[in-house]
Amino acid sequence: MLKGIAVSSGIVVGKVYKYVQPQIVLQETRGETASELAKFKEAVAKTEADITKIKERATGKLKPEELEIFDAHLTMLQDPEYQGQIEMKINDGSNADAACQEVTDMMVNMFSMMEDEYFKERAADIKDVGHRLLCNIIGVKVPDLTTIDEEVIIVASDLTPSDTAQMDKNYIIGFCTEEGGRTSHSAIMARSLEIPAVVGCRGILEGTKDGDIIAMDATTGDVIVSPSEDIVADYTKRGDALKAEKEALKVLVDQPSISLDGHKVEIAANIGTPKDVDGVIKNGGEAVGLYRTEFLYMDSVDDFPDEETQFVAYKEVLERMNGKRVVFRTLDIGGDKKLNYFEFPEELNPFLGYRAVRLCLDRQDIFRTQLRAILRASAYGRAAIMFPMIATIDEFKRAKALYEEEREKLIKEGYNVGENIEVGMMVEIPASAIMAEKFAQYADFFSIGTNDLTQYTMAADRGSKEVSYLYQPLNPGVLTLIKKAIDAAHKYGKWCGVCGELASDVVAAPILLGLGLDEFSMTAPSILPARKMIRSLNYEEMKGLAEKVLDLESQDEIRAYVEDYLKNR
Ligand code: PEP
Ligand code: MG
């Protein structure tokens, strides 16, 4: 079995269609300058027509802002600077194909070296346009996904946005690529088009040939080449069930997250980048409960992102959430999250070391820049802010004081900042859960990070296979701490959420609801299944269930108890 990253969910079995770019062999002989120039001009016209045709085919399938990519491609192709440089090289004695390749490569290099993320990403677009142009100059056929007329799973090294846009969902039932990550263009388009996809699947190109059958589980990232009959039957059955389930859940997009007896909770989304907001809106997320801002820092190549870069990203999220709450978690770096441009001290236990708010309180320059960016963006929506890894009251007070200082400074500088910004904290260190009653007097809200709270409570590294048996978010010890945090928040009139993975665990939902949790924050595709679960439960009854499970002795007993309850209700 091969393993990749599941980026767009679905479970499919199908025939492999290998989508491999043609071998480009540059011409050795050169025609007259005039004929090389004419060849180039003809190729430009053909490329223009091709891109326009692809755009037409994609119209209706893609959103207007996604279609804009083709206009951008046309603009690049028609750019007088780009064409002028190629013509100059031809006039200087180059072949049309060599001139095109050289100028394209130079532009790709230039854009990929730029600091600005936007321009960096444009490098891929120039490569795409340049490749299409080059194929037309030398007269090789650019593979055309639109000619596919039977059900297939595309296997490729990577896919460009124009490849993905050409896909007809009636025939292309999924794709699997060797390269790519969660935020690569093809992954984003796959989610948008709802084509099941696994990316970063090492070995898929070498391990398959055209016509092979593969079974692909794009919920887990598992890909099986030449599956047995049993596996085919299992994948087909699970795939059909998943499809039917997803379809049926769509009716809940605009529905409230409310229990049978009228108790309302909020189901919010966890995001890492502004692009993730699409999924939040599509799945009916009521807020962003956790914006992991460190992704912006990890994507940055050679330095901490400056105030302006952060401001632009944060503002985009707030504007697109249109008045719904966005909880910005300040930089949570360290542990397993490293930066290319920052040297962390050598430590025996980085998860217990110099990270998150500890680092921010030490490196106030970095922290203040982020606080300013969040505060400036807060004028464009409903921002809330929370500090990660708070262990002591003193840390919370110091972080909040820096926030207040930056707020005052910005106001003096004449900036608009949002009113009534809630300033809360993550509860993910056992000491803060135990001391929750004290913290609740200072923080406006709690968001329980069950991923780390479990790791620290059970003293089991969340990434270790060897001790994974101890990584138990439903252990009564962890649940007792969760209850403590929720009760303390409520005692002081504050709200409490969970933004760790436990929030989307449908077996945990009855317990968390019964404990009085106000907000469940999770990855966007989990929202509707969670809402369905909440809407099927009775809050008063769940209070009893929560009390009962807290009295049990182990995670296994608790799981079994809730599963049994859900099965027999
Ligand atoms: C957590 O610890 O539960 C959490 C939500 O934060 P992260 O997973 O980013 O550490
Ligand atoms: Mg955490």
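Heads up: the structure comes first, above all this text.
Rules behind the numbers
Residues numbered from 1 in each chain as written. Chains lettered and ligands numbered in written order. Predicted model: local features only at pLDDT ≥ 70, side-chain atom pairs only at ≥ 80, totals over all residues. Heavy atoms only, no water. Helix = DSSP H or I, 4+ residues; strand = E, 2+ residues; numbered from the N terminus. Rg over C-alpha atoms; globule rule 2.2 N^0.38 Å. Buried < 20%, exposed > 50% of the residue type's maximum accessible area, 1.4 Å probe, protein only. Contact = heavy atoms within 4.5 Å. Areas by Shrake-Rupley, 256 points an atom, 1.4 Å probe, with all protein chains shown as cover. Axes fitted to C-alpha atoms, helices over the stretch in contact; angles between N-to-C directions. Parallel < 35°, antiparallel > 145°, perpendicular 65-115°, else oblique. Salt bridge = Lys/Arg side-chain N within 4 Å of Asp/Glu carboxyl O. Near = heavy atom within 4 Å. Polar contact = N/O pair within 3.5 Å; in protein donor to acceptor, adjacent residues only side chain to side chain. Phe/Tyr/Trp six-rings, centres within 6.5 Å; stacked < 30°, edge-to-face > 60°. Lys NZ or Arg CZ within 6 Å of the ring centre and 35° of its normal. Donors = N, O, S within 2.8 Å, 3.2 Å for Na, K, Ca; no water. Left-handed = near helix turned anticlockwise from the far one by under 90°. Pairing = 2+ DSSP bridges. Right-handed = clockwise from strand over helix to strand, strands pointing away.

**Q** Describe the overall build of the protein, with residues and values.
**A** The helix and strand inventory of the protein stands at 22 helices and 16 strands. For 569 residues, the compact-globule estimate of 2.2 N^0.38 gives 25 Å, and the C-alpha radius of gyration of the protein, at 27 Å, lies within 12% of that figure. Expressed as a percentage of its 569 residues, the buried residues of the protein come to 52%. Partitioning the contacts of the protein with sequence separation of at least 6, the portion at a separation of at least 24 is 68%. If you sum the accessible surface of the protein, you get close to 25600 Å²; carbon and sulfur atoms cover 51% of it.

**Q** Go over the packing of helix α2 (residues 64-78) against helix α3 (residues 80-91), please, and point to the residues and values.
**A** When two helices pack together, their arrangement is captured by the angle between the axes and the distance separating the axes. In contact at an axis separation of 5 Å, α2 and α3 are set at 40° when each is read in the N-to-C sense. On the basis of their axis angle, the class for α2 and α3 is oblique. For the pair α2 and α3, contact is made by M76, L77 and Q78 and by P80, Y82 and Q83, respectively.

**Q** Explain the pattern of salt bridges residue by residue, including any values.
**A** Applying the stated criterion across every chain, the model contains 39 salt bridges. Residues E102 and K89 are paired through a salt bridge, measuring 3.3 Å at the closest nitrogen-oxygen approach. Here the residue E102 occupies a position in helix α4 (residues 96-112), and K89 occupies one in helix α3, the gap between them amounting to 13 residues. By relative accessible area, which is 38% here, E102 ends up partly exposed.

**Q** Provide a residue-level description of the site of ligand 1, including the pertinent values.
**A** Near ligand 1 lie 14 residues; those nearest to it are R292, R329, G449, N451 and R462. Within the contact set of ligand 1, an oxygen atom lies 3.4 Å away from a backbone nitrogen or oxygen of G449. Between an oxygen atom of ligand 1 and a side-chain N or O atom of R462, the distance comes to 2.8 Å. Relative to its free-state accessible area of 290 Å², ligand 1 is covered by the protein chains to the extent of 98%.

**Q** I'd like a description of the packing of aromatic side chains, backed by residues and values.
**A** All chains considered together, the criterion is met by 11 aromatic pairs. Aromatic side chains F445 and W495 sit 4.5 Å apart centroid to centroid with 0° between the ring planes, which places their arrangement in the stacked category. With F445 in strand β14 (residues 445-448) and W495 in strand β15 (residues 495-498), this pair connects stretches of sequence that are 50 residues apart. Assessed through its relative accessible area of 15%, W495 is described here as buried. Among the aromatic residues, those joined into a ring-pair cluster are Y297, F304, Y341, F342 and F344. Above the ring of Y235, the side-chain terminus of R238 is found at 5.0 Å from the ring centroid. The ring of F344 carries the charged tip of K338 above its face, separated from the ring centre by 5.0 Å.

**Q** Could you give me a rundown of the coordination of the magnesium ion (ligand 2), with the residues and numbers involved?
**A** Protein coordination at the magnesium ion (ligand 2) comes from E428 (OE) and D452 (OD), with a distance range of 2.0 to 2.2 Å. In this pair, E428 sits in the loop between β13 (422-427) and α15 (430-434) while D452 sits in helix α17 (residues 450-457), placing the two residues 24 residues apart along the sequence.

**Q** Which residues make up the packing of α2 against helix α5 (residues 117-138), and what values do they have?
**A** At a minimum axis distance of 10 Å, the contact between α2 and α5 shows a crossing angle of 65°. As α2 packs across α5, the resulting crossing turns out to be right-handed. Between α2 and α5, the residues in contact are I69, H73, M76 and L77 and R122, D125, I126, D128, V129 and L133, respectively.

**Q** Explain the sheet that holds strand β10 (residues 288-292) residue by residue, including any values.
**A** The sheet built from 8 strands closes into a barrel, its strands ordered β9-β10-β11-β12-β13-β14-β15-β16 with parallel pairing. Strand-to-strand, the axes of this sheet are offset by a mean angle of 25°, without reference to chain direction. Relative to β10, strand β9 (residues 266-271) is paired through 3 bridges, and the arrangement is parallel. From the neighbouring strand, I271 faces β10, where its bridge partner is Y291. On top of the sheet, helix α18 (residues 476-491) reaches β13, β14 and β15; it is set at about 165° to β14, its chief contact.

**Q** Lay out the pairing of β13 in plain terms, naming residues and giving numbers.
**A** In terms of burial, β13 is a largely internal element, 6 of the 6 residues being buried. Here β13 shows two buried faces, one formed by E422, G424 and M426 and the other by V423, M425 and V427. Between the parallel elements strand β12 (residues 382-387) and β13, the chain passes through helix α14 (residues 393-412) in a crossover that is right-handed. In terms of strand pairing, β13 meets β14 through 3 bridges, oriented parallel. Each residue of the ladder has a partner; that of M426, found in β14, is S447.

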